[in-house]
Amino acid sequence: MVARRDLVIAGATVLTDADAAPELKDIVVRDGKIAAVAAPGEKSERHGVVVDGRHKLVIPGLINAHYHSHDVLSRGMFEDIPLEVWIALAILPPTRKLTAREVRLRTLLGAIDCLRNGITTVQDMLGCGPGSEEHVEAAIKAYDDVGIRCVLGLQVGNRPPIDCLPGIRTRLPNNLAPLLSGNPPAVRDILDFVSAPLAAKASDRLSFAVAPGSPQRCTFELMSGLADLASRHNLPFVTHVNESKLQVYLAQELYADYGGSPLDFLRAAGALNERLCMAHGIWFSDEEIDRIAAAGAAVATCPTSNLKLKNGVAPLRKLKQAGVRLALGADNTSAGDAQNVFEAMKLVCNLNAGKGTGPSTVLARDALAMATRGGAAVLGCGEKLGRIQVGMGADLTLLDMSDPSYIPLNDAVRQIVYCESGRGVHTVIVDGSVVVADRKLMTIDYDAVLEEALALSGVYARDSQANKARLEAVLPYIASIVRDYGEKPLAFNRWPSASDEPAMEKRRLS
């Protein structure tokens, strides 16, 4: 094996952690790890590859803790529809067998979007299933080629959409029911499919998670089998939980024998533990929040898609107060449209500030921690990612301090969260290798990828239009159910107008 040359980021302004103050430092990288963080010129390792850090603010690489690569080509297709209608339209059925080339291109495009926005690690919940092994291989190869770090979860389930919409069977005419039905694979086949890639690690930048689509999409047999798989391999367990208000009522029906909450179902299946990271986590009651904290589980909030798909606002103040571990995600490209964690950081701060005149308790440093060390922790990478310190992996994002966002530099963390849009991302380093330099991708030929993707986009658009036409008669029934359950009262409220002041604050004011 050819030895890798040292990499030196010289004379940079370094923010080692969300709670730190920026300092002028050199960073020495050796074999993919941070070997030294020292005063400029203090170390003699300038014989390596030198990156000019002057006028650069170095932060830990951002972590996109919830994302899906399977709908990258549907960017900008949807607007003003609720989650359940979006699922029907955006998650295309396998009416046409995709080629490995298509999967590679969409994976590359999504990864490029992430890298150009300073994201060095992405948790991809890749929608797939038995029979799509070639697609999984293509995605893994694409991630390896582009140079981003990926925690790959094969998103699976075995319950059809008609069983995930409360009351739909009584409303939907019999002739339309087959459009929301299906013949899922056998549980054993799904478990074998998820298990197969775990033994074949493609690179040091790739790891795996176990990824059931959501509790309502999985039978108990499948969910418990997947939980056992995660336990045996010590892998993160990622899934969508209580993303919409409708799902609270669905859980009361589906999990009545367990206790009426998806947490009861997950606990019975052996999944409610420190490995669990629940995407979105909006419609949790205060009691459920306490249970999540007690179990050591986590929530990856996705504020952009939560708002766009009419799901509400996650109760981050309550989650934080309870001690729930938090991370940030940008979600689907057709739901949030941009893989931009800067946008997500600003939203979580401003959404919580806008809930009342009392202290928000979710500040810029909290948002940056969620986007760095918080994401690393919930994805099982907390020992090597999320901070800039000796021994940690060299995943770094360099921001251009000559950008107006940083002039003058009054508070580095606040200006990253409230001013940065991604425009200032200058250099991105993953596992000690420069993958973006002066805003240009260094690992693959972007122009060639762009040309191929543009040629492919017409095919995807036709598939999407055909799916919409196929479901045209069903969509009003789905929309009416979402509307009815959205208007039903609950003991708690997660719409943007609702207050979620922490209990301690309420006691102090009373």
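Residues numbered from 1 in each chain as written. Predicted model: local features only at pLDDT ≥ 70, side-chain atom pairs only at ≥ 80, totals over all residues. Heavy atoms only, no water.

Colleague: Summarise the packing of aromatic side chains; cite the residues concerned and give the values.
Modeller: Taken as a whole and assessed by the stated rule, the structure comprises seven aromatic pairs. Their ring planes at 45 degrees and their centres at 6.2 Å tell us that Trp 283 and Phe 492 sit as a pair that is tilted. A residue pair is termed long-range when its members are at least 10 positions apart, and Trp 283 in the loop between strand S11 (276–280) and helix H9 (286–295) and Phe 492 in the loop between helix H16 (475–487) and helix H17 (503–509) qualify at 209 residues. The class of Trp 283 is buried, set by a relative accessible area of 1%. For Phe 492, a relative accessible area of 16% corresponds to the buried category. An aromatic cluster is built from Phe 220, Tyr 255, Tyr 258 and Phe 265, whose rings are joined through pairwise contacts. (Phe/Tyr/Trp six-rings, centres within 6.5 Å; stacked < 30°, edge-to-face > 60°. Helix = DSSP H or I, 4+ residues; strand = E, 2+ residues; numbered from the N terminus. Buried < 20%, exposed > 50% of the residue type's maximum accessible area, 1.4 Å probe, protein only.)

Colleague: I'd like to hear about the side chain of Ser 405, residue by residue, with values.
Modeller: Structurally, the position occupied by Ser 405 is in the loop between strand S14 (396–400) and helix H14 (412–418). Relative accessible area serves as the criterion here: at 8%, Ser 405 is assigned to the buried category. Among the polar contacts listed, one links the side chain of Ser 405 to the side chain of Asp 403, at a separation of 2.9 Å. A polar side-chain atom of Ser 405 sits 3.4 Å from the main-chain carbonyl oxygen of Cys 419. (Polar contact = N/O pair within 3.5 Å; in protein donor to acceptor, adjacent residues only side chain to side chain.)

Colleague: Just give me the short version of the confidence of the model for the protein chain, but keep the residues and values in it.
Modeller: Reading fine detail from the predicted coordinates is not recommended where pLDDT is low. Per-chain confidence: the protein chain averages 93 in pLDDT, with 96% of residues scoring 70 or above. Low pLDDT (under 50) marks residues 504–510, which in the prediction has six contacts with non-local residues, meaning those over four places away or in another chain. (pLDDT = per-residue confidence, 0-100. Contact = heavy atoms within 4.5 Å.)

Colleague: Could you give an account of helix H5 (residues 187–195), with specific residues and numbers?
Modeller: When H5 is considered as a whole, its buried residues turn out to be Val 187, Ile 190, Leu 191, Phe 193 and Val 194. Down the axis of H5, the buried side of the element spans an arc of 160 degrees, and every buried residue falls inside it. Buried-residue contacts for H5 involve helix H3 (133–146), strand S8 (149–156) and helix H6 (220–233). (Arc of directions from axis to C-beta.)

Colleague: Give a detailed account of empty space enclosed by the protein, specifying residues and quantitative values.
Modeller: A complete count under the given rule lists six cavities of 30 Å³ or more for this structure. Of the pockets and cavities examined, the largest cavity occupies roughly 60 Å³. As for the largest cavity, its lining consists of Thr 301, Pro 303, Asn 306, Leu 307, Gly 312, Val 313, Ala 314, Leu 316, Val 348, Leu 351 and Asn 352. Elements represented by at least two residues in the lining of the largest cavity include exactly helix H10 (303–308) and helix H12 (341–353). Split by residue class, the lining of the largest cavity holds seven nonpolar, four polar and no charged. (1 Å grid on protein atoms, 1.4 Å probe; cavity = no way out; pocket = protein on both sides within 12 Å on 5 of 7 lines; lining within 4 Å. Points joined across faces, edges and corners; volume = space filled by probe spheres on them. Nonpolar A, V, L, I, M, F, W, Y, C, P; charged D, E, K, R; others polar.)

Colleague: Quick rundown of the environment of Val 425? Include the residues and the values.
Modeller: When you line up the elements, Val 425 lands in strand S15 (residues 425–430). For Val 425, a relative accessible area of 3% puts it in the buried group. In this structure, the C-alpha to C-alpha distance between Val 425 and Ala 12, residues 413 residues apart in sequence, is 14 Å. Setting aside residues no more than four positions away along its own chain, Val 425 makes contact with Leu 115, Arg 116, Asn 117, Gly 118, Phe 342, Thr 397, Leu 398, Leu 399 and Arg 439.

Colleague: Give a description of the pattern of salt bridges that names residues and reports values.
Modeller: Applying the stated criterion to the full structure yields 28 salt bridges. Here Arg 291 makes a salt bridge to Asp 264, at a shortest N to O gap of 2.9 Å. Placement of Arg 291 in helix H9 and of Asp 264 in helix H8 (residues 262–268) is noted, with a sequence separation of 27 residues between them. Asp 264 sits in the buried class, given a relative accessible area of 9%. Lys 318 serves as the salt-bridge partner of Asp 286, at 3.2 Å between the closest nitrogen and oxygen. Note that Asp 286 is positioned in helix H9 and Lys 318 in helix H11 (residues 316–322), a separation of 32 residues in sequence. (Salt bridge = Lys/Arg side-chain N within 4 Å of Asp/Glu carboxyl O.)

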